[in-house]
Amino acid sequence: MASPGHLAAAGLTAIAVSFAFARYGYGLFLPQFREAFALSTEAAGLLAAAGYAAYLLALVVTGAVVSRTGPRLLVVVGTSAATLGTAMVAAAPNALVLAIGVCVAATSPGGCWAPFSDAVARQVPPDRQHRTLSVITSGTTFGVLVSAPVAWLTGAASTWRLAWAGFAVVALISAVWNALLVAGGPDPRRTDAPAGASPWRWLRRTGSAPLLLGSAGFGLTSTVYWTYAVDRVAGAPTMPDVAAPVFWVLVGGSGILGTATGSLVAAGGLRRTLVVTSLALGLASAVMVLPPSWASVASSAVLFGSSFMVLSALLVIWSGEVFPERPATGFSAALCALALGAIAGLPLLGGYADARGLPAMFAVNAVLALPMLLLRPRFARPSP
């Protein structure tokens with residue numbers, strides 16, 4: 001059996017390639033794609049929406065089958081989707097192949113993130129599980145630290161294809177590595193629901209409502225920030241062209257704090273960690289209300305990067321405590337709530353931004369983070 005350290009390292013690479021390369025890569029490289037394939041603003045938006053729909057579909061499928069297949073198959077399928085999707089983007093001769101590649105790649109994190117909850121529950125001693133999950137989840141930040149500078153360096157040349165080919169190679173290595181380390185088959189300790197019972201009945205328990213509400217709120221506020229923060233930075237006449245890539249690097253670098261989430265929870269408790277990081281998430285949007293300057297851009301990036309990664313890891317830990325017998329399926333449900341929050345928030349706040357401007361929209365987004373401060377995580381063990 002793989003050691004916790006080896007499993008954490010392999011899982012970190014899987015999350016890095018699936019999120020930072022396969023899913024977020026489209027947005028990072030959108031200027032290059034628009035130039036290479038003559039994409040209109042409408043077409044670029046439709047393609048982004050299609051990628052998000054593919055991600056949500058993969059989440060639903062993962063939640064439905066992971067308890068029967070075990071984590072290895074879904075992790076390998078997810079990292080393989082990242083390999084195939086990024087390779088298709090690298091070789092795309094036209095916009096149709098680009099669109100297919102983007103959608104295939106976008107399914108990757110929906111398939112491989114949640115199963116690591118099961119893998120860690122099965123392969124890591126209980127006293128190291130929170131820390132291992134924190135390290136795996138932080139893969140996004142390490143991936144962004146690579147992909148953001150690469151996107152900037154290839155911004156004025158066709159070398160973006162080489163970048164995506166490189167992403168595909170790293171994704172393939174990650175797929176093979178995780179195939180060797182992640183546990184396969186269903187968990188022999190799992191208890192199936194009684195015959196005839198609804199497969200979702202186990203979702204209705206003490207502690208699930210705060211988790212799902214918190215996930216939806218996090219999805220709303222964080223996705224709005226991801227979508228519009230760079231426009232706020234790059235569109236400021238007082239900021240140089242290099243501000244946007246520096247902003248992304250600061251977001252990625254500060255996200256390294258996510259690796260310490262397990263230690264933060266052990267020291268201060270889950271609720272206190274949730275309150276502090278939710279407050280930081282709201283402050284990141286509040287700072288964006290100010291006229292962009294190096295001080296405001298840097299402080300907002302650090303607040304968001306650190307709070308986003310800690311909250312991402314916190315959701316994994318929290319869902320595992322609420323659904324200890326099916327951690328991956330429970331986490332998939334939390335991610336679906338997160339996606340629904342994002343889907344609800346983006347059109348509403350996007351329309352508000354068109355009418356009132358980005359500063360007013362970020363002010364509203366900051367306020368929308370406040371209800372998360374009121375949530376009180378409660379845990380429930382399964383009925384005997």
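A. Just the overall build of the protein, in detail. A count of helical and extended segments in the protein gives 17 helices and zero strands. Taken against the 2.2 N^0.38 rule, which gives 21 Å for 384 residues, the C-alpha radius of gyration of the protein at 20 Å falls within 12% of a compact globule. Expressed along its principal axes, the backbone C-alpha trace of the protein runs to roughly 60 × 45 × 35 Å. A distance of 10 Å separates the average location of the 21 positive side-chain charges in the protein from that of its 11 negative side-chain charges.

B. Broad picture of the environment of threonine 107. Structurally, threonine 107 can be placed in helix 6 (residues 95-112). For threonine 107, a relative accessible area of 25% gives the class partly exposed. C-alpha of threonine 107 to C-alpha of leucine 335: the two residues are 228 residues apart in sequence and 13 Å apart in space. With sequence-adjacent residues up to four places away left out, threonine 107 is seen in contact with Ala54, Tyr55, Ala58 and Ala81.

C. Summary view of the packing of aromatic side chains. The final tally for this structure, using the stated rule, is 24 aromatic pairs. A ring pair is formed by tryptophan 113 and phenylalanine 331, whose centres lie 4.9 Å apart and whose planes are at 85°; its orientation type is edge-to-face. Taken together, the positions of tryptophan 113 in the loop between helix 6 and helix 7 (115-123) and phenylalanine 331 in helix 16 (residues 327-356) put the pair 218 residues apart, joining distant regions of the chain. Grouping residues by exposure puts tryptophan 113 and phenylalanine 331 together as buried.

D. Looking closely at helix 13 (residues 261-268). Among all positions in helix 13, only Thr261, Gly262 and Val265 are buried. Summarising the axial view, the buried residues of helix 13 lie within an arc of 105°, below the 170-degree limit, and thus occupy one face. In helix 13, the exposed positions that point more than 90 degrees away from the buried face belong to Ala266 and Ala267. Packed against the buried residues of helix 13 are helix 8 (129-137), helix 14 (270-287) and helix 15 (294-322). Looking one or two places after helix 13, you find glycine 269, whose phi comes out positive at around 90°.

E. Looking closely at the packing of helix 14 against helix 15. Relative orientation of the contacting elements helix 14 and helix 15 amounts to 145°, with a least axis distance of 8 Å. In the crossing of helix 14 with helix 15, the sense of the turn from one axis to the other is left-handed. Between helix 14 and helix 15, the residues in contact are Leu270, Thr273, Leu274, Thr277, Ser278, Ala280, Leu281, Leu283, Ala284 and Val287 and Ser296, Ser299, Ser300, Leu303, Phe304, Ser307, Val310, Leu311, Leu314, Ile317 and Trp318, respectively. The residue inventory of the contact of helix 14 with helix 15, partitioned by class, reads 14 nonpolar, seven polar and no charged.

F. Broad picture of unusual backbone geometry. If you check the backbone angles, alanine 38 has positive phi at about 55° while not being a glycine. Within the element layout of this structure, alanine 38 appears in the loop between helix 3 (30-37) and helix 4 (41-69).

G. Quick look at helix 5 (residues 71-91). Compared with an ideal rise of 1.5 Å per residue, which puts 21 residues at 30 Å, helix 5 spans 30 Å between its outermost C-alpha atoms and is within 8% of the ideal. When we look at burial in helix 5, the residues that qualify are Pro71, Leu74, Val75, Gly78, Thr79, Ala81, Ala82, Thr83, Gly85, Thr86, Val89 and Ala90.

H. Structural view of the nonpolar core. By size, the foremost hydrophobic cluster in this structure holds 96 residues, and its most contacted members are Phe29, Phe33, Leu98 and Phe247. Among the elements that take part in this core, helix 15 stands out by supplying twelve residues, more than any other. Excluding its chain neighbours within four sequence positions, the residues that come into contact with phenylalanine 29 are Ser147, Val150, Ala151, Thr154, Trp160, Ala163, Trp164 and Phe167.

I. A look at the packing of helix 9 (residues 139-153) against helix 12 (residues 243-254). For the pair helix 9 and helix 12, the least separation of the axes is 8 Å and the interaxial angle reads 170°. Here helix 9 is positioned roughly antiparallel relative to helix 12, judged by the angle of their axes. Considering the relative orientation of helix 9 and helix 12, their crossing is left-handed. Residues Thr141, Val144, Leu145, Ala148, Pro149 and Trp152 of helix 9 touch helix 12, and the partners they reach there are Pro245, Trp248, Val249, Val251, Gly252 and Gly253. For the contact of helix 9 with helix 12, a count of residues per class yields nine nonpolar, three polar and no charged.

J. Just the confidence of the model for the protein, in detail. Across the protein, the average pLDDT comes to 86, with 93% of residues at or above 70. Here residues 192-197 scores under 50 on pLDDT; set against residues more than four positions off or in separate chains, the count is two contacts.

K. Inspection of the environment of glycine 139 at higher detail. Secondary-structure assignment places glycine 139 in helix 9. For glycine 139, a relative accessible area of 0% gives the class buried.

L. Spotlight on the state of the cysteines. Per the counting criterion, the structure on display carries zero disulfides. No disulfide involves cysteine 103; its nearest neighbouring cysteine sulfur is the one of cysteine 112, lying 17 Å away. Free of any disulfide, cysteine 112 has its nearest neighbouring cysteine sulfur in cysteine 336, separated by 15 Å. For cysteine 112, a relative accessible area of 0% gives the class buried.

The rules behind each value
- Per chain, the residues get numbers from 1 upward, laid out in the order the sequence is written.
- The predicted origin of the model limits local features to residues at a pLDDT of at least 70 and limits the giving and counting of side-chain atom pairs to 80 or more, whereas totals for whole chains, interfaces and linings rest on all residues.
- The side-chain figures draw on all heavy atoms in the structure; neither hydrogens nor water molecules are used.
- By the criteria applied, helices consist of DSSP H or I runs no shorter than four residues and strands consist of E runs no shorter than two, each listed in order from the N terminus.
- We compute the radius of gyration from the C-alpha atoms alone; for a globule the expected value is 2.2 Å times N to the 0.38, where N is the number of residues.
- Positive charges come from Lys and Arg alone, negative charges from Asp and Glu alone, with His and the N- and C-terminal ends not counted.
- In this description, the location of a charge corresponds to atom NZ of lysine, CZ of arginine, CG of aspartate or CD of glutamate.
- Burial classes follow relative accessibility: with a 1.4 Å probe on protein chains only, a residue under 20% of its type's maximum area counts as buried, one over 50% as exposed, and anything between as partly exposed.
- We call two residues in contact whenever any of their non-hydrogen atoms come within 4.5 Å of each other.
- Any two of the Phe, Tyr and Trp rings considered here, Trp counted by its six-membered ring, make a pair once their centres fall within 6.5 Å; the pair's planes then place it as stacked at under 30 degrees, edge-to-face at over 60, or tilted in between.
- The arc in question is the one spanned by the directions pointing from the helix axis to the C-beta atoms.
- Every axis corresponds to a line fitted to the C-alpha atoms, with the helix fit spanning only the stretch in contact, and the corresponding angles, defined between N-to-C directions, vary from 0 to 180 degrees.
- Less than a right angle of anticlockwise turn of the near helix away from the far helix marks a crossing as left-handed, whereas a clockwise turn marks it as right-handed.
- Side-chain classes are defined by residue name, with Ala, Val, Leu, Ile, Met, Phe, Trp, Tyr, Cys and Pro counting as nonpolar, Asp, Glu, Lys and Arg as charged, and the others, Gly among them, as polar.
- Under the convention used throughout, the expected extent of a helix is 1.5 Å for every residue step, that is, one less than its residue count.
- Note on terminology: a nonpolar core comprises buried Ala, Val, Leu, Ile, Met, Phe, Trp, Tyr and Cys residues joined through side-chain atoms within 4.5 Å.
- Angular relationships are summarised with four words: roughly parallel below 35 degrees, roughly antiparallel beyond 145, roughly perpendicular across 65 to 115, and oblique for the angles in between.
- For every residue, the predictor assigns a confidence score, pLDDT, that lies between 0 and 100.
- Cysteine sulfur atoms that come within 2.5 Å of each other are treated as a disulfide pair.

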